[in-house]
Amino acid sequence: HRFSDLRRKIGGVSEKMLAQTLQWLESDGFVGRTAYPVVPPHVEYDLTPLGIEVAQQVEGLADWIESNLPRILAAQSG
């Protein structure tokens with residue numbers, strides 16, 4: 001994905017924060033960055049194999065939370 005595409009898809013994130021987060025994810029090995037030598041500059045980001053693996057884990061957690069939301073809400077009010 002291009003930087004501008006990511007910014008539009010995420011919404012509500014500043015350009016500075018997105019750039020910092022992408023740098024952190026790249027340094028952790030979750031995101032790959034490909035810069036193309038064209039004018040204007042063209043950079044694309046994609047998930048590395050490690051990034052795909054962690055995304056699957058996060059998706060599993062999100063699914064678990066969604067299916068257990070009634071129990072979670074009951075615990076919060078109880």
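These figures come from a predicted structure and were not determined experimentally.

S.K.: For this particular structure, what's the right way to read the overall build of the protein?
M.R.: On a plain count of helices and strands, the protein comes out with four helices and two strands. Along the protein, from the amino end to the carboxyl end, the secondary structure elements read α-α-β-β-α-α. Its C-alpha atoms give the protein a radius of gyration of 17 Å, clearly above 12 Å, the size a compact globule of 78 residues would have. Judged by the C-alpha coordinates and their principal axes, the protein covers about 60 × 25 × 15 Å. A buried classification covers 14% of the 78 residues belonging to the protein. A sequence separation of at least 24 residues applies to 19% of the contacts in the protein between residues at least 6 apart. For the protein, the computed accessible surface area is about 6,200 Å², with 59% contributed by carbon and sulfur atoms. Separation between the mean location of the 7 positive side-chain charges and that of the 10 negative ones in the protein comes to 9 Å.

S.K.: Mind showing me how you'd approach a nonpolar patch on the surface here?
M.R.: Residues Leu61, Trp64, Ile65, Leu69 and Leu73 make up a contiguous nonpolar surface patch of roughly 480 Å² in combined accessible area. Among the secondary structure elements, those contributing two or more residues to the nonpolar patch are helix H3 (49-67) and helix H4 (69-77). Here the element with the most residues in the nonpolar patch is H3; it accounts for three residues. Relative to the elements of secondary structure, Trp64 occurs in helix H3.

S.K.: Explain the pattern of salt bridges to me, please; I cannot follow it from the model alone.
M.R.: Evaluated as defined, the whole model comprises two salt bridges. A salt bridge links Arg8 to Asp5; the shortest N-O distance between them is 2.7 Å. Of this pair, Arg8 and Asp5 both sit in helix H1 (residues 3-10), three residues apart, roughly one helical turn. In this structure, Glu15 engages Arg7 in a salt bridge whose closest nitrogen and oxygen atoms are separated by 3.5 Å. By relative accessible area, which is 48% here, Glu15 ends up partly exposed. Residue classification places Arg7 among the partly exposed positions, given a relative accessible area of 35%.

S.K.: In this structure, what is going on with the nonpolar core? I would like to understand it.
M.R.: Soluble globular proteins: nonpolar side chains tend toward being buried together. If you look at the biggest cluster of nonpolar residues, it comprises six residues: Leu6, Leu18, Leu22, Val31, Val43 and Tyr45. Mapped by element, the contributors of at least two residues to this core are helix H2 (15-27) and strand E2 (42-47).

S.K.: What's the story with the pairing of E2 in this structure? I'm lost.
M.R.: Put simply, side chains in a regular strand alternate between the two faces of the sheet. Two strands pair when backbone bridges link them, and strand E1 (residues 31-36) and E2 are joined in this way by six bridges, in the antiparallel orientation. Counterpart to Thr34 in the pairing with E2 is Glu44. A loop of five residues connects E1 with E2, the two strands running antiparallel in sequence.

Procedures and definitions
Residues numbered from 1 in each chain as written. Predicted model: local features only at pLDDT ≥ 70, side-chain atom pairs only at ≥ 80, totals over all residues. Heavy atoms only, no water. Helix = DSSP H or I, 4+ residues; strand = E, 2+ residues; numbered from the N terminus. Rg over C-alpha atoms; globule rule 2.2 N^0.38 Å. Buried < 20%, exposed > 50% of the residue type's maximum accessible area, 1.4 Å probe, protein only. Contact = heavy atoms within 4.5 Å. Areas by Shrake-Rupley, 256 points an atom, 1.4 Å probe, with all protein chains shown as cover. Lys, Arg positive; Asp, Glu negative; His and termini not counted. Charge placed at Lys NZ, Arg CZ, Asp CG, Glu CD. Patch = residues over 30% accessible without salt bridge, like charges linked within 9 Å, V, L, I, M, F, W, Y side chains within 5 Å. Salt bridge = Lys/Arg side-chain N within 4 Å of Asp/Glu carboxyl O. Core = buried A, V, L, I, M, F, W, Y, C linked by side-chain atoms within 4.5 Å. Pairing = 2+ DSSP bridges.

Read these as layout, nothing more, since geometry by itself doesn't imply function.
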